[in-house]
There are 2 protein chains.
Amino acid sequence: MHTAIATVCLSGTLAEKLRSAADAGFDGVEIFEQDLTVSPHSPEQIRERAESLGLSIDLFQPFRDFDATDEQLFQCNLRRLEAKFQLMRRLGCRMILLCSNVSESAVRDDDALARQLRAAGDLAERYDMLIAYEALAWGTYVNRFRHSYDIVMKAKHPRVGICLDSFHILSRGDDPAGIRDLDPERIFFVQLADAPHRDMNLLEWSRHDRVFPGEGELDLPGFVSALSEYRGPVSLEIFNDSFREADVTRTAIDGLRSLTWVADQAGREPLPPAPRVASYDFIEVHTGSLGEVTKILHHLGFRLGGYHRRKTDVQVWSAGSVTIVIRDLGPTGEPTRLHALGISVDDPGSACRRAEELQAQRVERSEEEGELHLPAVEAPDGTEMYFCPPGQEWLREFHAQPGEGESFITGVDHVTLAQPWHRLDEARLFFTSVLGLKAHPVEQVPTPAGLVTSQAMRGGLRLALNVAPEASEQGDFLAASYPEHLTLATNDALAAAQSCVDRGLRILDIPDNYYDDLAARVDLPEATLAELRRLNVLYDADENGEYFHFYTETLGTPGKLYIEVAERRGGYEGYGWADAAVRLAAQYRVLRDSTRGIPS
Amino acid sequence: MHTAIATVCLSGTLAEKLRSAADAGFDGVEIFEQDLTVSPHSPEQIRERAESLGLSIDLFQPFRDFDATDEQLFQCNLRRLEAKFQLMRRLGCRMILLCSNVSESAVRDDDALARQLRAAGDLAERYDMLIAYEALAWGTYVNRFRHSYDIVMKAKHPRVGICLDSFHILSRGDDPAGIRDLDPERIFFVQLADAPHRDMNLLEWSRHDRVFPGEGELDLPGFVSALSEYRGPVSLEIFNDSFREADVTRTAIDGLRSLTWVADQAGREPLPPAPRVASYDFIEVHTGSLGEVTKILHHLGFRLGGYHRRKTDVQVWSAGSVTIVIRDLGPTGEPTRLHALGISVDDPGSACRRAEELQAQRVERSEEEGELHLPAVEAPDGTEMYFCPPGQEWLREFHAQPGEGESFITGVDHVTLAQPWHRLDEARLFFTSVLGLKAHPVEQVPTPAGLVTSQAMRGGLRLALNVAPEASEQGDFLAASYPEHLTLATNDALAAAQSCVDRGLRILDIPDNYYDDLAARVDLPEATLAELRRLNVLYDADENGEYFHFYTETLGTPGKLYIEVAERRGGYEGYGWADAAVRLAAQYRVLRDSTRGIPS
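The name an unreviewed UniProt entry gives chain A is 3-dehydroshikimate dehydratase, with Corynebacterium uropygiale as the organism. Among the UniProt annotations of chain A, the heading Function (unreviewed entry) holds the following wording: "Catalyzes the conversion of 3-dehydroshikimate to protocatechuate (3,4-dihydroxybenzoate), a common intermediate of quinate and shikimate degradation pathways."

Encoded structure:
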């Protein structure tokens with residue numbers, strides 16, 4: 001598949017865009033006209049730059065409002081088109097995108113429109129150019145791909161074909177299966193864009209909220225499947241306000257990953273299969289507050305398993321089937337945080353190859369002879385992900401055994417990773433594509449400093465992503481308190497809470513008002529309610545079951561990590577979102593009352 | 001008018017919200033239930049806090065989905081309501097907001113609904129409470145204010161009235177004039193919210209994009225006018241994602257300003273009239289790079305008028321009718337920026353009183369005997385605004401005369417102020433209400449580091465506001481380069497550019513590609529195009545006229561200010577937005593190529 005990306009997807013100057021597209025591994029680009037207009041480099045210089053980077057310039061775009069009922073205006077548009085062909089010749093680009101007309105001057109007659117396109121084709125012939133005619137979803141007269149195709153067939157000019165854009169077709173609910181009926185030779189270009197579902201004006205939706213394939217809710221694999229006969233470039237064209245601000249290198253990699261994913265999903269270029277994920281093999285925490293972290297782990301019923309035989313700053317703790325690796329950063333002032341996740345999979349080598357084909361960066365664990373090889377990659381947020389075979393043989397390096405001792409902790413319920421502002425879509429695609437997880441609907445939770453967005457995913461394990469507003473005027477809550485957590489599973493949250501308190505744990509304090517409200521809205525026995533209140537245990541329920549859970553305070557100072565203990569009863573499938581606002585307000589107060597920077 | 005604000009409009013903890021509402025000067029608050037639920041303070045403590053701050057608790061909200069076709073569910077809802085009445089008694093609040101049902105269990109029969117509301121009224125009677133029934137715009141059965149009123153009239157219970165919310169009425173295009181037909185005694189509560197026009201789902205629009213009255217596009221003055229017989233609280237209820245992150249003190253002041261404005265516009269509580277604004281009296285620049293700034297002013301044809309007789313670090317420059325005051329900050333590393341605007345008005349005292357009644361902070365100029373008194377206030381962004389009588393008598397303090405010398409500069413065309421992220425709505429309301437300006441539609445301009453939003457306003461003068469993305473991963477462009485500028489008017493931009501170049505000015509370099517594109521899209525004589533290209537002058541046109549303009553480079557290092565020189569021909573009413581992307585890309589490159597922090 002010849003992969004391409006429109007320069008409008010990327011931030012920076014045109015030169016920066018080209019370099020990033022090439023570095024990520026794209027085959028070509030679409031030049032968005034305005035990027036060239038504002039560039040100090042001549043078309044010839046851009047052509048040379050692209051050539052030296054190994055990029056083809058597959059398309060020049062957009063050419064708007066070409067056809068016209070007014071003959072004088074039409075002649076003027078032909079001259080305008082000719083000027084662009086001259087420019088494209090200097091640029092070394094042979095195809096122009098001609099959008100269906102959105103103005104009042106649009107021709108509303110297929111035959112007349114075909115005649116004007118044929119005139120454009122004659123002009124293209126003279127300059128050895130091709131014209132890809134695209135039906136914009138909000139075109140005045142032409143706004144469906146089938147209509148644009150019929151007009152192109154009527155124009156019957158070898159230089160004139162159509163461009164198919166997944167957004168324009170899927171956003172209005174059209175069935176891409178109809179693409180199979182088209183002559184593939186007449187499809188000159190394909191643009192892909194996904195988008196979250198929005199009940200809003202199509203133009204606004206399209207201009208601001210497109211995302212890469214696999215990051216929205218449109219059926220991009222279905223769309224690409226319908227293109228099985230098409231052999232031209234498949235190009236990303238994403239208008240997204242966040243992309244315009246984002247690090248260009250990272251966006252380009254994210255984009256190519258989305259094309260790799262969609263080519264696999266559509267059966268076009270299969271990847272190694274998604275791994276069979278069993279569970280979390282281990283959780284690795286780095287801390288500059290070792291004493292505080294191990295004390296809380298002890299309160300939670302964990303036991304020290306041992307020290308790594310070689311890396312003396314690394315120790316392992318376990319409770320039930322949960323294994324936590326801790327690296328002591330010493331008194332460096334580094335915050336306590338999740339550094340790595342061990343993912344238990346059937347075939348670590350294949351899982352890692354899949355991740356690498358999805359543009360993930362390899363990470364090398366320092367391993368010596370006699371130590372287990374664990375292949376690993378880095379997630380976009382920097383978290384290391386180790387692919388582990390069953391058996392936890394690596395524990396031998398710690399002189400420890402798997403699953404030592406009895407515990408009220410039965411496993412890992414889920415892990416929540418903090419994501420930087422704007423980066424949720426990228427991270428979701430990474431984890432769903434690399435691990436084959438399925439994303440739940442996104443939730444938003446109010447906090448005293450802004451909305452937190454949460455994305456849960458589920459496969460052989462549960463993983464959630466949290467994004468908080470970065471630029472809140474109420475203080476930088478993201479960097480300080482809420483974001484990452486590890487949720488441990490238990491079979492009896494109330495007993496677990498009692499046991500933790502007996503060992504000395506300070507459970508995060510939950511306001512009485514919460515329990516008053518709970519009493520008004522759920523039908524729990526009074527004795528249970530009293531126990532929940534006494535132990536600071538929260539309660540949620542859905543159609544299928546119930547969720548009892550409590551939180552530790554943040555681990556270490558400064559800390560970015562806290563631990564939750566949760567009991568699922570029945571088929572509860574949630575994550576306690578309804579309670580998250582209570583927790584976040586409590587964490588905000590703890591933080592504000594400390595010296596760490598939220599205005600009081 | 002009894003003014004109130006819903007706690008959901010404000011960020012922070014409930015205690016912080018109350019203090020900010022009181023500090024701003026509100027009479028009361030609506031307690032949004034979740035704010036209480038997550039608070040560690042008991043209802044009694046909140047009651048005491050509000051009392052000691054002089055705030056009444058006017059409403060408790062929301063109570064959702066009360067009525068039910070299922071009798072058992074209805075009884076359960078009654079018990080839920082009773083629990084809330086008990087809570088409200090502790091809180092010292094006598095009115096609850098009961099929203100129309102949005103669930104499938106909604107009663108779809110006026111008589112049955114009235115019966116259930118009557119039962120709620122009986123319960124309210126026992127607790128000495130009042131119920132304000134509100135038609136949500138997306139209610140399952142009741143979604144128009146007239147319908148909610150008819151049901152309340154049918155319920156015929158002294159404890160049951162309606163709540164009118166401007167958003168729910170105006171967002172769906174209903175005419176508020178119908179409010180005049182209602183019995184004012186049955187209107188228990190009024191909530192105000194404005195919003196920008198959005199062609200999207202009402203619920204999503206309402207939950208994320210409301211703004212304060214005067215900051216959106218709904219007719220709030222018309223709505224409040226229709227309430228002439230109503231004497232209860234008028235309360236702000238704004239769901240806005242940005243407000244949740246914003247500094248709470250500032251949001252509260254912004255909110256009260258919006259109520260002051262709407263009460264004036266509706267003829268309810270008139271302010272001193274908007275001033276008759278003639279022009280800019282002066283522009284005050286503060287700089288740590290005096291040499292560079294004065295050199296560029298000299299290139300632009302300005303002459304030194306003199307030094308302030310007492311403040312030796314202040315000097316005045318003039319060209320034509322333009323007066324620029326410069327304060328030398330010395331080599332402090334402070335960026336060059338606009339510090340103050342002198343606004344020429346008919347009655348400075350009255351203009352300043354109006355501004356103060358609109359919650360503007362007074363600023364005192366250091367004045368001694370024999371110096372002119374210029375009343376002044378501070379805009380939300382910190383810019384000082386001096387109200388100046390005609391004649392520029394203050395120039396005597398500099399031993400200077402108004403309008404000395406001939407110049408190709410004929411006046412100030414407009415001034416553009418940079419606004420912090422999220423603060424555009426607040427600033428627009430401030431300037432339109434204080435100066436009586438009229439806002440144009442907002443424009444968005446792409447830059448290599450994100451979209452810049454621009455808001456132009458026009459009255460006796462032209463003023464524009466710019467907002468850039470603060471958290472761009474491509475570097476902090478806002479703090480460094482683009483934001484503020486002063487646009488000087490000329491009658492001949494090409495001659496002015498030549499004259500400036502002759503004096504040594506370096507005009508911001510505009511790419512050749514811009515002129516190639518210009519040639520393809522506009523019909524200008526070739527000689528003119530060649531002159532534009534040679535002199536780096538840009539060109540825009542609208543239906544009425546043309547705009548010729550050029551830019552200086554940024555003034556001083558570090559600088560936040562540059563100067564534009566512009567010629568309007570015919571009735572051109574724009575600001576050269578089409579060219580702004582070219583300028584921003586050029587400024588981005590200058591910045592990136594310097595050492596000031598944008599990744600290359």
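This is not the end of the story, as more comes after the structure.
Q: Please clarify how the overall build of chain A should be interpreted in this entry.
A: A count of helical and extended segments in chain A gives 18 helices and 25 strands. Projecting the C-alpha coordinates of chain A onto the three principal axes gives extents of approximately 85 × 60 × 45 Å. Scored against the burial criterion, the 600 residues of chain A give a buried share of 61%. Relative to all contacts within chain A whose residues are 6 or more apart in sequence, the contacts with residues 24 or more apart total 74%. Only carbon and sulfur atoms are counted for the fraction: they give 46% of the accessible area of chain A, which is about 21900 Å².

Q: Can you walk me through the UniProt feature "binding site: Mg(2+)" (unreviewed entry) in chain A in this structure?
A: Residue and element names in this part refer to chain A. The positions UniProt marks with the feature "binding site: Mg(2+)" (unreviewed entry) are His414, His485 and Glu564. In sequence the annotated residues extend across 151 residues, while in space they remain close, none of their C-alpha pairs exceeding 9.4 Å. One can find His414 in strand β17 (residues 409-418). Beyond its immediate stretch of four places on either side in the chain, His414 contacts Arg462, His485, Leu486, Thr487, Tyr547, Glu564, Arg568 and Tyr575. Locating Glu564 in the fold gives a position in strand β25 (residues 561-570). Setting aside its immediate chain neighbours within four residues, Glu564 contacts His414, His485, Leu486, Thr487, Leu488, Tyr547, His549, Phe550 and Tyr551.

Q: Explanation requested: the interface of chain B and chain A in the structure shown.
A: The parts lose accessible area when they come together, and the size of an interface is often stated as this lost area. With 56 residues of chain B at the interface, the matching set in chain A holds 56 residues. Around 4500 Å² of area is buried between chain B and chain A when both sides are counted, 52% of it from carbon and sulfur atoms. The tally of links between chain B and chain A comes to four salt bridges. Its salt-bridge partner being Arg90 of chain B, residue Asp516 of chain A comes within 3.3 Å of it at the nearest N-O pair. If you look at where chain B meets chain A, you find 21 residue pairs in polar contact (both at pLDDT 80 or more). The element that contributes the greatest number of residues to the side of chain B that touches chain A is helix α18 (residues 577-593) of chain B, accounting for six residues. A per-class count over the side of chain B that touches chain A returns 23 nonpolar, 16 polar and 17 charged.

Q: Honestly, the relation of the copies chain B and chain A in this entry has me stumped. Any pointers?
A: In the superposition of chain B on chain A (RMSD 0.0 Å, axial shift 0.0 Å), the rotation amounts to 180 degrees. Such a combination of turn and shift is consistent with a two-fold rotation axis. No C-alpha of chain B lies nearer the rotation axis than that of Met200 of chain B, which sits 1.9 Å from it. A share of 100% of the interface residues of chain B reappears at the interface of chain A, consistent with the copies meeting face to face through the same patch.

Q: Where do I start with helix α12 (residues 348-357) of chain B in this structure?
A: Since the α-helix turns once every 3.6 residues, residues separated by three or four places project in the same direction. All names here are of chain B. Along α12, the residues classified as buried are Pro348, Ser350, Ala351, Cys352, Arg354 and Ala355. The elements touched by buried residues of α12 are α10 (248-265), β13 (337-345), β14 (361-363), β15 (376-378), β16 (384-388) and α13 (424-435). A positive backbone phi angle near 65 degrees is found at Gln359, which sits one or two residues after α12.

Q: Sorry if this is basic, but what is going on with the sheet that holds strand β13 (residues 337-345) of chain A here?
A: Strands belonging to one sheet form pairs held by backbone hydrogen bonds; the direction of such a pair is parallel or antiparallel. Residue and element names in this part refer to chain A. One open sheet accounts for eight strands, arranged β10-β11-β12-β9-β13-β16-β15-β14; its pairing is mixed. Two strands lie at the open edges of the sheet, namely β10 (303-307) and β14 (361-363), each paired on one side alone. Averaged over neighbouring strand pairs, the angle between their axes works out to 30 degrees when direction is ignored. Both β13 and strand β16 (residues 384-388) contribute to a ladder of five bridges, which runs parallel. Paired with Ala340 across the bridge in β16 is Glu384. Along the sheet face, helix α12 (residues 348-357) touches β13, β14, β15 (376-378) and β16 and points at about 145 degrees away from the line of β16.

Q: Whenever I open this one, the pattern of salt bridges confuses me. Can you help?
A: Where charged atoms from two side chains of opposite charge come close, those side chains can pair. Applying the stated criterion across every chain yields a total of 76 salt bridges over all chains. Across the pair Asp517 of chain B and Lys84 of chain A runs a salt bridge whose closest N-O atoms are separated by 2.9 Å. Of this pair, Asp517 of chain B sits in helix α16 (residues 512-521) while Lys84 of chain A is found in helix α4 (residues 71-91), placing the two residues in two different chains. Notably, a salt bridge pairs Arg534 of chain B with Glu531 of chain B, separated by 3.0 Å at the nearest N-O pair. On the criterion of helical spacing, the pair formed by Arg534 of chain B and Glu531 of chain B is a turn pair, its members being three residues apart in helix α17 (residues 526-535).

Q: I keep staring at the packing of aromatic side chains and nothing clicks. Help me out?
A: Working definition: an aromatic ring pair is given by the centre-to-centre distance plus the angle between the planes. Residues and elements named next belong to chain A. Inspection of the entire model under this criterion finds 30 aromatic pairs over all chains. Arranged with centres 5.8 Å apart and planes meeting at 80 degrees, the rings of Trp394 and Phe398 form a pair that is edge-to-face. Classification of Phe398 as buried rests on a relative accessible area of 4%. Among the aromatic side chains, those forming a connected cluster through ring pairs are Phe282, Tyr386, Trp394 and Phe398. One Lys or Arg, Arg568, reaches over the ring of Tyr575 and ends 5.5 Å from the middle of that ring.

Q: What should I look at first to understand the UniProt feature "binding site: a divalent metal cation" (unreviewed entry) in chain A in this one?
A: Residue and element names in this part refer to chain A. The feature "binding site: a divalent metal cation" (unreviewed entry), as annotated in UniProt, sits at Glu134, Asp165, Gln191 and Glu237 in this numbering. The annotated residues occupy 104 residues of the chain but converge on a single region, no pair of C-alpha atoms lying more than 13.0 Å apart. As for its placement among the helices and strands, Glu134 is situated in strand β5 (residues 130-134). Ignoring sequence-local partners within four residues, the contact set of Glu134 consists of Leu97, Leu98, Cys99, Ser100, Cys163, Asp165, His168 and Gln191. Within the secondary structure, Asp165 sits in strand β6 (residues 160-165). If we skip the residues at most four places from it in the chain, Asp165 touches Glu134, Gln191, Arg210, Phe223 and Glu237.

Q: Before we go on, may I ask you to explain the pairing of strand β1 (residues 3-6) of chain A in this structure?
A: Note on strand geometry: in a regular strand, side chains alternate between the two faces of the sheet. Residues and elements named next belong to chain A. The alternating pattern of β1 places Thr3 and Ile5 and Ala4 and Ala6 on opposite faces, both of which are buried. Of the strand pairs in this sheet, β1 and strand β8 (residues 234-236) are connected by three bridges, and their pairing is parallel. Each bridged residue has a counterpart across the sheet, and for Thr3 the counterpart in β8 is Val234. Bridge analysis of β1 against strand β2 (residues 28-32) gives three bridges, and the strand direction is parallel. Considered in β2, the bridge of Ala4 is made with Gly28. Handedness of the crossover is the feature at issue here: the chain leaves β1, passes through helix α1 (residues 14-24), returns alongside β2, and the resulting connection is right-handed.

Q: Could you clarify how one ought to interpret the packing of helix α3 (residues 43-53) of chain B against helix α4 (residues 71-91) of chain B in this entry?
A: Each packed pair of helices is defined by two parameters, the angle between the axes and the distance between the axes. All names here are of chain B. Where α3 contacts α4, the two axes come as close as 7 Å, and the packing angle between them is 40 degrees. Of the possible angle classes, the one that applies to α3 and α4 is oblique. Within the contact between the two elements, α3 uses Pro43, Glu44, Ile46 and Arg47 and α4 uses Leu87, Arg89, Arg90 and Leu91. Here the residues of the contact of α3 with α4 sort into four nonpolar, no polar and four charged.

Q: Just checking my understanding: could you explain empty space enclosed by the protein for this structure?
A: One simple way to see leftover space: roll a probe sized like a water molecule over the atoms. Residue and element names in this part refer to chain B. Enumeration over the complete set of coordinates arrives at 10 cavities of 30 Å³ or more. What the largest cavity holds in volume is close to 150 Å³. What lines the largest cavity is a set of 15 residues, and nearest its centre among them are Arg64, Leu136, Arg207, Glu237 and Phe239. Of all the elements in the fold, those that place two or more residues in the lining of the largest cavity are β3 (56-63), β4 (95-99) and α8 (202-208).

Q: I would appreciate a short explanation of the layout of surface pockets in the present structure.
A: Roughly 540 Å³ of volume is contained in the second largest pocket. Lining the second largest pocket are 25 residues, and of these Asp516, Ala519, Ala520 and Arg521 of chain A together with Ala83 of chain B lie nearest its centre. By residue number, the principal contributor to the lining of the second largest pocket is α4 of chain B, which donates nine residues. Residue composition of the lining of the second largest pocket, by class: 10 nonpolar, three polar and 12 charged.

Q: Is there a simple way to think about the domain arrangement of chain A in this case?
A: Residue and element names in this part refer to chain A. Under the domain assignment, chain A is made up of domain 1 (3-265) and domain 2 (277-593). Between the C-alpha centres of domain 1 and domain 2 there is a distance of 43 Å. Taken together, the contact between domain 1 and domain 2 spans 18 residues of the former and 16 residues of the latter. Here domain 1 packs against domain 2, burying approximately 1500 Å² in sum over the two surfaces, 49% of which is carbon and sulfur. Its largest share of buried area at the contact with domain 2, domain 1 owes to Glu215, Arg250 and Arg257, together 47% of the area lost on that side.

Q: Any chance you could explain α1 of chain A here in plain terms?
A: Counting buried positions along α1 of chain A yields nine of 11 residues, so the element is predominantly enclosed. Along α1 of chain A, the residues classified as buried are Leu14, Ala15, Glu16, Lys17, Leu18, Ser20, Ala21, Ala22 and Ala24 of chain A. Residues of α1 of chain A that are buried sit in contact with β1, β2, α2 (33-37), α3 (43-53) and α10 (248-265) of chain A together with α18 of chain B.

Conventions adopted
- Residues numbered from 1 in each chain as written.
- Chains lettered and ligands numbered in written order.
- Predicted model: local features only at pLDDT ≥ 70, side-chain atom pairs only at ≥ 80, totals over all residues.
- Heavy atoms only, no water.
- UniProt positions renumbered as here; feature names shortened; annotations may be inferred.
- Helix = DSSP H or I, 4+ residues; strand = E, 2+ residues; numbered from the N terminus.
- Buried < 20%, exposed > 50% of the residue type's maximum accessible area, 1.4 Å probe, protein only.
- Contact = heavy atoms within 4.5 Å.
- Areas by Shrake-Rupley, 256 points an atom, 1.4 Å probe, with all protein chains shown as cover.
- Buried area = accessible area lost by both parts, 1.4 Å probe.
- Salt bridge = Lys/Arg side-chain N within 4 Å of Asp/Glu carboxyl O.
- Polar contact = N/O pair within 3.5 Å; in protein donor to acceptor, adjacent residues only side chain to side chain.
- Nonpolar A, V, L, I, M, F, W, Y, C, P; charged D, E, K, R; others polar.
- Least-squares fit on C-alpha atoms with pLDDT ≥ 70 in both.
- Pairing = 2+ DSSP bridges.
- Axes fitted to C-alpha atoms, helices over the stretch in contact; angles between N-to-C directions.
- Phe/Tyr/Trp six-rings, centres within 6.5 Å; stacked < 30°, edge-to-face > 60°.
- Lys NZ or Arg CZ within 6 Å of the ring centre and 35° of its normal.
- Right-handed = clockwise from strand over helix to strand, strands pointing away.
- Parallel < 35°, antiparallel > 145°, perpendicular 65-115°, else oblique.
- 1 Å grid on protein atoms, 1.4 Å probe; cavity = no way out; pocket = protein on both sides within 12 Å on 5 of 7 lines; lining within 4 Å.
- Points joined across faces, edges and corners; volume = space filled by probe spheres on them.
- Domains from an automatic or database assignment.

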